[in-house]
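Chains, contacts and geometry: an overview
These are the residues of each chain, in order.
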Amino acid sequence: MADETTKYILVEREGAVATVIINRPDKLNALNWALVGELADELEALDRDDAIHAIVLTGAGERAFAAGADIAEMSDKSAAQMAFGGFEGWDHIRRIKKPIIAAVEGFALGGGSELAMHADIVIASEKAKFGQPEILLGIMCGAGGTQRLTRTIGKYRAMELCLTGEQVTAQQMEAWGIVNHVVAAGQARAEATKLAQKIATHAPIATLLTKEAILAALETPLEAGLAYEKRVFALLFSTEDQKEGMAAFMAKRPANFTGK
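So, a few notes on the structure that sits alongside this text.

**Details of the overall build of the chain**
Scanning the chain from terminus to terminus reveals 12 helices and 10 strands. The globule rule puts the C-alpha radius of gyration for 260 residues at 18 Å, and the 19 Å found for the chain is close to it. Counting every position in the chain, which comprises 260 residues, the buried fraction comes to 43%. When the accessible surface of the chain is totalled, it reaches about 13,800 Å², and 57% of it is carbon and sulfur. Positive and negative side-chain charges in the chain, numbering 27 and 34 respectively, have mean positions lying 5 Å apart.

As structure tokens, then:
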């Protein structure tokens, strides 16, 4: 759970889209345990809220999305404390069912880069910088960096990023498949919000199951994944939204999805 005396996370709502803001700009939105716990709490609350269909995740200010973990907090921790003391929040973030779009301005380093990769879509400013500099501190990625990078950009590029600790541009991350779109400086949140608003107009149950199926593809053999996709495809024919969507298509009118 987050520290109740400190508010690290702000939530703004506009229609069916919620924007979650990491609000620690004086520390370049560095991720301490309390912040990650509070972030997980807020995302889980939005996941349960039927009025919200898509989530934008960003950092306060334009200097950083999140410039890594809070090193001062971690420096004197024991192995046991790091293994068992604070990763629950990351596990909860990983399990959010609704689409998350990361809007990255400035630095997304270490845990900040890993947090961006917890999102489903990444929009980055042309001035954004990504990297996994943990090796420079005598440690390594701990929130999925080695795993998500390797699955997306391959062994050789992941090795270079994680073993050198060098920063790379948003343009390079777009070429490698981590970033979906690179936009003008200061426009990442606005562009992410436009995309979230578009996603939020679609049938909510179909949206959730589509995200679930895509994530399952990363963890299952092709044959099992195809069988799973076929099952959830058929399941959607039990929803009112499927009937409404197809009726609207045939009548050449906008669909009115209700999430049922």
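**Brief notes about the sheet that holds strand β3 (residues 54-59)**
The strand order β1-β2-β3-β5-β7-β10 describes an open sheet built from 6 strands, whose pairing is mixed. The open sheet terminates on both sides in strands that have one partner only, identified here as β1 (9-14) and β10 (181-183). Taken over all neighbouring pairs, the strand axes of this sheet differ in orientation by 20 degrees on average, direction set aside. Bridging between strand β2 (residues 17-22) and β3 involves 6 bridges; their strand directions are parallel. Bridge assignment links Ile 21 to a residue of β3, and that residue is Thr 58. Contacting β1, β2 and β3, helix α1 (residues 33-48) runs over the sheet at an angle of about 20 degrees to β1.

**Section: the environment of Ile 9**
Structurally, Ile 9 is set in strand β1. In this structure Ile 9 comes out as buried when scored by relative accessible area, which is 0%.

**Details of the pattern of salt bridges**
Scanning the model with the defined rule gives 7 salt bridges in all. Put simply, Glu 38 and Lys 7 hold a salt bridge, and the shortest N to O gap is 3.8 Å. Linking Glu 38 in helix α1 with Lys 7 in the segment before β1, this pair joins segments that are 31 residues apart in sequence. Take Lys 7: its relative accessible area is 49%, and that puts it in the partly exposed class. Lys 194 is the salt-bridge partner of Glu 191, the closest N and O atoms lying 3.5 Å from each other. In this pair, Glu 191 and Lys 194 both sit in helix α9 (residues 188-200), 3 residues apart, roughly one turn of the helix. According to the relative accessible area criterion, Glu 191 is partly exposed, its value standing at 30%.

**Some words on the sheet that holds strand β6 (residues 107-109)**
The strand order across the open sheet built from 4 strands is β4-β6-β8-β9, with neighbouring strands paired in mixed fashion. Looking at strand neighbours, the two that pair on one side only are β4 (64-66) and β9 (167-169), the edges of this open sheet. When the angles between neighbouring strand axes are averaged without regard to direction, this sheet yields 25 degrees. Bridge count for β6 against strand β8 (residues 129-131) is 3 bridges, and the pairing is parallel. Bridge assignment links Phe 107 to a residue of β8, and that residue is Lys 129. Contacts between helix α5 (residues 111-118) and the sheet are confined to β4, β6 and β8, with β6 contributing the most and set at about 95 degrees to the helix.

**Things to note about the packing of helix α6 (residues 145-153) against helix α7 (residues 155-164)**
Relative to each other, α6 and α7 sit at 140 degrees, their axes nearing to 7 Å. Judged by the angle between their axes, α6 and α7 are oblique. Our pair here, α6 against α7, has a crossing hand that is right-handed. Taken together, the residues of α7 that come into contact with α6 (itself represented by Thr 146, Leu 149, Thr 150 and Ile 153) are Lys 155, Arg 157, Ala 158, Leu 161 and Cys 162. Broken down by class, the residue content of the contact of α6 with α7 amounts to 5 nonpolar, 2 polar and 2 charged.

**Here we look at α5**
Of all 8 residues in α5, 8 are buried; the element is thus mostly enclosed. Looking at α5, one finds that the buried residues are Gly 111, Gly 112, Ser 113, Glu 114, Leu 115, Ala 116, Met 117 and His 118.

**With respect to the packing of α5 against α6**
Where α5 meets α6, the closest approach of the two axes is 10 Å, and the angle between their N-to-C directions is 55 degrees. By the angle between their directions, the pair α5 and α6 is classed as oblique. Along this stretch, α5 crosses α6, giving a crossing that reads as left-handed. Along its contact with α5, which presents Glu 114, Met 117 and His 118, the element α6 presents Gly 145, Arg 148 and Leu 149. Class assignment for the residues of the contact of α5 with α6 results in 2 nonpolar, 2 polar and 2 charged.

Analysis parameters
Residues numbered from 1 in each chain as written. Predicted model: local features only at pLDDT ≥ 70, side-chain atom pairs only at ≥ 80, totals over all residues. Heavy atoms only, no water. Helix = DSSP H or I, 4+ residues; strand = E, 2+ residues; numbered from the N terminus. Rg over C-alpha atoms; globule rule 2.2 N^0.38 Å. Buried < 20%, exposed > 50% of the residue type's maximum accessible area, 1.4 Å probe, protein only. Areas by Shrake-Rupley, 256 points an atom, 1.4 Å probe, with all protein chains shown as cover. Lys, Arg positive; Asp, Glu negative; His and termini not counted. Charge placed at Lys NZ, Arg CZ, Asp CG, Glu CD. Pairing = 2+ DSSP bridges. Axes fitted to C-alpha atoms, helices over the stretch in contact; angles between N-to-C directions. Contact = heavy atoms within 4.5 Å. Salt bridge = Lys/Arg side-chain N within 4 Å of Asp/Glu carboxyl O. Parallel < 35°, antiparallel > 145°, perpendicular 65-115°, else oblique. Left-handed = near helix turned anticlockwise from the far one by under 90°. Nonpolar A, V, L, I, M, F, W, Y, C, P; charged D, E, K, R; others polar.

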